[in-house]
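# Residue-level structure breakdown
Listed below are the residues making up each chain.
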Amino acid sequence: MRKTFKTLLLALPLCLAALSAQAADSAAGRWKTIDDKTGKVKSIVEISQAANGTLTGKVVEILHSDKGPNPICDGCEGANRNKPVKGMTILWNLKSDGGNKWSGGTILDPANGKTYKSKMELQTGGTKLDVAGCIAFICRTQTWVRE
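Attention here is on the structure that accompanies the text. Residue numbers restart at each chain and count upward from 1, following the sequence in its written direction. With the structure being a predicted model, the display of local features is reserved for residues of pLDDT at least 70 and the display and counting of side-chain atom pairs for 80 or more, all residues being used for whole-chain, interface and lining totals. The basis for every side-chain value is the complete set of non-hydrogen atoms in the structure, without hydrogens or water.

### Topic: the side chain of Thr54
Numbering of helices and strands runs from the N terminus, with a helix taken as a DSSP run of H or I at least four residues long and a strand as a DSSP run of E at least two residues long. Relative to the helices and strands, Thr54 resides in the loop between strand E2 (41-49) and strand E3 (55-62). Pairs of N or O atoms within 3.5 Å make up the polar contacts considered here, provided that, within protein, one atom can donate a hydrogen while the other can accept it, and that residues adjacent in sequence are counted only when both atoms are side-chain atoms. Reaching out from Thr54, the side chain makes a polar contact with the side chain of Asn52 at a distance of 2.8 Å. We call two residues contacting when some pair of their heavy atoms lies within 4.5 Å. Excluding residues within four positions of it along the chain, Thr54 makes contact with Ser48, Gln49, Asn93, Leu94 and Lys95.

### Here's the deal with the environment of Arg30
Note that Arg30 resides in strand E1 (residues 29-34). Sequence-distant contacts of Arg30, that is, excluding residues within four places in its chain, are made with Ile44, Val45, Glu46, Val60, Glu61, Val145, Arg146 and Glu147.

### A word on the sheet that holds strand E6 (residues 114-122)
Through backbone hydrogen bonds, the strands of a sheet pair up, either in parallel or in antiparallel fashion. A pair of strands is treated as paired once DSSP finds two or more bridges between them. As summarised here, the arrangement of the eight strands in space is E1-E2-E3-E4-E5-E6-E7-E8, forming a closed barrel in which the pairing is antiparallel. Averaged over all neighbouring strand pairs, the angle between strand axes comes to 35°, with direction disregarded. By the bridge criterion, seven bridges tie strand E5 (residues 101-109) to E6 in an arrangement that is antiparallel. Residue pairing for E6: Ile107 is matched across the bridge by Tyr116. Angles shown run from 0 to 180 degrees and are taken between the N-to-C directions of axes, each axis being a line fitted to C-alpha atoms and, for helices, limited to the stretch in contact.

As structure tokens, this is what we get:
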């Protein structure tokens, strides 16, 4: 009994270290979106991983908007048309390329309602995420910061 208890005490720090390292290698979590033109923090996006491994991102908080504290997506089409940006899914279907890169997804820019092909890369240390929206081979990238 005593030996088992000691073994568990020794194994606990190793398990916690492994979980911490795994979290640092994942894009899942809450991210501050930084406007690449103004440098201002615009919102908080929560990225989650589905059972099939794809990533999805939803706006959970609006921090700065030119359209007021509760902006709507007036440029969006379909189901998102004139819906509040808060609570809206803006990233979907990103698939792992292995390691710290994801691609093949779609990103919605709620400021203009347009969708783009998307890819992302988690920077070393796991505190910054480069998120790109692309048309053909031309991409616009923002660096998001882990909250």
